[in-house]
Amino acid sequence: MNLKQELQTLNDKLDRFRRKLAAAEKRGDPTVIMQFKQEIAALTKRISSVKGQQTRELSKQGSTVSGLKFSRVLTKTEQADMGKLKKSVKGLVVVHPMTALGREMGIKQVTGFAPKEF
């Protein structure tokens, strides 16, 4: 299971436990309330761990991409025919500013990174 799916699953479980906790508080059942509070605390800790791991992977990927020797902003015509561009440039990595990687790298325009000039 990848990190994004795991994070979604954990958030779903957390939401379910919070709803059950609210129902238990409404009933006034102290043992169930204590159990769900412990479950929520454990899930919250796990979610923060997964988010940290996701951030580390993203920064690692960003440093790998920015380590390529050549980069430049792509023109609108190049962006329109991305398949042709990727076939002509070996090892091209295109980073869009609205993706997580683009935000991590601080890119403002669609940029291509490659091992050699294109």
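The notes below deal with the structure included here.

**Description of the sheet that holds strand S2 (residues 93–95)**
Phase 1: Strand order across the open sheet formed by three strands is S1-S3-S2, with antiparallel pairing between neighbours. Strand pairing shows two members of the sheet lacking a second neighbour, strand S1 (70–73) and S2, which therefore form its edges. If you compare each strand with its neighbour and ignore which way they point, the axes differ by 20° on average.
Phase 2: Two elements, S2 and strand S3 (residues 111–114), share three bridges in a ladder whose sense is antiparallel. Following the sheet pairing, Val95 is matched in S3 by Thr111.

**A look at the layout of surface pockets**
Gaps between atoms show up when a probe of the same size as a water molecule is rolled over them.
Phase 1: In this structure, the largest pocket occupies an estimated 270 Å³ of space.
Phase 2: In terms of lining residues, the largest pocket is bounded by Asn2, Leu3, Lys4, Gln54, Glu57, Leu58, Gln61, Ala100 and Leu101.
Phase 3: Counting residues per element, the lining of the largest pocket draws most heavily on helix H2 (residues 30–66), at four residues.
Phase 4: Within the lining of the largest pocket, the residues separate by chemical class into four nonpolar, three polar and two charged.

**Here's the deal with the side chain of Glu78**
Phase 1: If you trace the backbone, Glu78 turns up in helix H3 (residues 76–80).
Phase 2: Discounting residues that sit within four places of it in the chain, Glu78 has contacts with Arg72, Val73 and Leu85.

**Quick word on the pairing of S3**
For a regular strand, side-chain orientation follows a simple rule: the groups alternate between the two sheet faces.
Phase 1: Here S3 shows two buried faces, one formed by Thr111 and Phe113 and the other by Gly112 and Ala114.
Phase 2: The pairing of S1 with S3 spans four bridges and is classified as antiparallel. Opposite Val73, over in S3, you have Thr111 as the bridge partner.

**Considerations on helix H1 (residues 3–27)**
Phase 1: Relative to the 36 Å expected for 25 residues at 1.5 Å per residue, H1 spans 36 Å between its end C-alpha atoms, a close match to the ideal helical length.
Phase 2: Looking only at H1, the buried set comprises Leu3, Glu6, Leu7, Leu10, Leu14, Phe17, Leu21 and Ala24.
Phase 3: Here the buried face of H1 lies against H2.
Phase 4: Of the residues that open H1, the one with a side-chain oxygen 3.3 Å from the backbone nitrogen of Lys4 is Asn2.

**Here's the deal with the environment of Glu104**
Phase 1: Along the chain, the position of Glu104 falls in helix H5 (residues 100–105).
Phase 2: Given the relative accessible area of 40%, Glu104 is considered partly exposed.
Phase 3: Distance in space between the C-alpha atoms of Glu104 and Gly62 is 7.1 Å, their sequence separation being 42 residues.

Rules used in this analysis
- Residues numbered from 1 in each chain as written.
- Predicted model: local features only at pLDDT ≥ 70, side-chain atom pairs only at ≥ 80, totals over all residues.
- Heavy atoms only, no water.
- Pairing = 2+ DSSP bridges.
- Helix = DSSP H or I, 4+ residues; strand = E, 2+ residues; numbered from the N terminus.
- Axes fitted to C-alpha atoms, helices over the stretch in contact; angles between N-to-C directions.
- 1 Å grid on protein atoms, 1.4 Å probe; cavity = no way out; pocket = protein on both sides within 12 Å on 5 of 7 lines; lining within 4 Å.
- Points joined across faces, edges and corners; volume = space filled by probe spheres on them.
- Nonpolar A, V, L, I, M, F, W, Y, C, P; charged D, E, K, R; others polar.
- Contact = heavy atoms within 4.5 Å.
- Buried < 20%, exposed > 50% of the residue type's maximum accessible area, 1.4 Å probe, protein only.
- Expected span 1.5 Å × (residues − 1).
- Polar contact = N/O pair within 3.5 Å; in protein donor to acceptor, adjacent residues only side chain to side chain.

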